[in-house]
Amino acid sequence: MKKNKEVEQIPVKLGFIGLAALVFGMVVGAGIFNIPQNMAHGAGLGAVLVSWLITAVGILLLVATFKVLADRHPELGAGIYQYARAGYGRFAGFNVAWGYWLCTCFANIAYAVMLNDTFGSFFPGLLTHSWPTVIFGSVLIWSIYFVVNAGMKTARALTIALSLIKIMAILLIIVLLD
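### Considering the overall build of the chain
For step 1, the next point in the chain: The helix and strand inventory of the chain stands at seven helices and zero strands.
For step 2, the next point in the chain: For the chain, the α and β elements follow one another from N to C terminus as α-α-α-α-α-α-α.
For step 3, the next point in the chain: Residue burial in the chain is summarised as follows: out of 178 residues, 13% are buried.
For step 4, the next point in the chain: Across the chain, contacts joining residues at least 24 apart in sequence account for 43% of those joining residues at least 6 apart.
For step 5, the next point in the chain: In the form shown here, the chain has an accessible surface area of approximately 14300 Å², with 73% of it arising from carbon and sulfur atoms.

### Thoughts on unusual backbone geometry
For step 1, the next point in the chain: We note that His129 has phi near 55 degrees; this positive angle belongs to a residue other than glycine.
For step 2, the next point in the chain: Note that His129 resides in the loop between helix H5 (90-119) and helix H6 (131-149).

### Here's the deal with the side chain of Asn116
For step 1, the next point in the chain: Position of Asn116 relative to the elements: it lies in helix H5.
For step 2, the next point in the chain: From its side chain, Asn116 meets the backbone oxygen of Leu126 in a polar contact 3.1 Å long.
For step 3, the next point in the chain: Ignoring any residue separated from it by four or fewer positions in sequence, one finds Asn116 in contact with Leu126, His129, Thr133 and Phe136.

### Structural notes on the packing of aromatic side chains
For step 1, the next point in the chain: All told, the structure shown has six aromatic pairs when counted by the stated rule.
For step 2, the next point in the chain: A centroid spacing of 6.0 Å and a plane angle of 35 degrees characterise the contact between Trp142 and Phe146, whose relative ring orientation is tilted. Of this pair, Trp142 and Phe146 both sit in helix H6, separated by four residues, roughly a single helical turn.
For step 3, the next point in the chain: Look at Phe146 and you get exposed, because its relative accessible area is 52%.
For step 4, the next point in the chain: Ring-pair connections join several aromatic residues into one group, and the members of that group are Trp142, Tyr145 and Phe146.

### Examining the environment of Ala110
For step 1, the next point in the chain: Within the secondary structure, Ala110 sits in helix H5.
For step 2, the next point in the chain: As a C-alpha pair, Ala110 and Gly137 span 27 residues in sequence and 9.6 Å in three-dimensional space.

### Quick word on the pattern of salt bridges
For step 1, the next point in the chain: Enumeration according to the criterion identifies one salt bridge in this entry.
For step 2, the next point in the chain: With its nearest N and O atoms 2.7 Å apart, the salt bridge here joins Asp71 to Lys67. Here Asp71 and its partner Lys67 are both found in helix H3 (residues 45-72), four residues apart, which amounts to about one turn of the helix. The exposure classification of Asp71 matches that of Lys67, with both residues exposed.

### As for the packing of helix H4 (residues 80-88) against H5
For step 1, the next point in the chain: Packing of H4 against H5 brings their axes to within 7 Å, and their N-to-C directions diverge by 160 degrees. Here H5 runs roughly antiparallel to H4, going by the angle between their axes. Remark: the crossing between H4 and H5 carries right-handed chirality. Together, Ile80, Tyr81, Ala84, Arg85 and Tyr88 of H4 and Arg90, Ala92, Gly93, Val96, Ala97 and Tyr100 of H5 make up the contact between the two elements.
For step 2, the next point in the chain: Residue classes in the contact of H4 with H5 are distributed as eight nonpolar, one polar and two charged.

### What to know about the state of the cysteines
For step 1, the next point in the chain: By the definition in use, this model includes zero disulfides.
For step 2, the next point in the chain: Free cysteine Cys103: the closest other cysteine sulfur is in Cys105, separated by 9.3 Å.
For step 3, the next point in the chain: Cys103 gets classed as exposed once you look at its relative accessible area, which sits at 52%.

What counts, and where the lines are drawn
Residues numbered from 1 in each chain as written. Predicted model: local features only at pLDDT ≥ 70, side-chain atom pairs only at ≥ 80, totals over all residues. Heavy atoms only, no water. Helix = DSSP H or I, 4+ residues; strand = E, 2+ residues; numbered from the N terminus. Buried < 20%, exposed > 50% of the residue type's maximum accessible area, 1.4 Å probe, protein only. Contact = heavy atoms within 4.5 Å. Areas by Shrake-Rupley, 256 points an atom, 1.4 Å probe, with all protein chains shown as cover. Polar contact = N/O pair within 3.5 Å; in protein donor to acceptor, adjacent residues only side chain to side chain. Phe/Tyr/Trp six-rings, centres within 6.5 Å; stacked < 30°, edge-to-face > 60°. Salt bridge = Lys/Arg side-chain N within 4 Å of Asp/Glu carboxyl O. Axes fitted to C-alpha atoms, helices over the stretch in contact; angles between N-to-C directions. Parallel < 35°, antiparallel > 145°, perpendicular 65-115°, else oblique. Left-handed = near helix turned anticlockwise from the far one by under 90°. Nonpolar A, V, L, I, M, F, W, Y, C, P; charged D, E, K, R; others polar. Disulfide = S-S within 2.5 Å.

The structure is reproduced here in structure tokens:
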């Protein structure tokens, strides 16, 4: 039986602007509008500031860890699971991949619920958290999948466009409230 030759694929990178737009979009989309509101209901300003500081330190340590790993092992390019597999074996790599996949699923659900509740302000039928919510969340998640599956260039262009819309909306709010 003949073995198929592996086709070498050139990875398409998100680039600095695309990555900055992605991070900005996530922070503005969830962090600025949703998280502080939820935290303010259960804690005072000091507790909220301390929690943000702890989170910032944790994220910086995580970034530094991945930078060290990427510098020491540039051949490992498949993500977090590959570092665990190289360091601790196949079982640990599998568990990290499985855990990462589960976290991604839960994050998608949380994102869909947050957007559902946001759109529920305009379409009250979504706030019943019944079949319209399931349909809305499914359409949202599959739409994101198809955008990313269309290619990194498409995803990058959409991310940059949405980030620009968010910046314009924030500036409009500042002008209107000033």
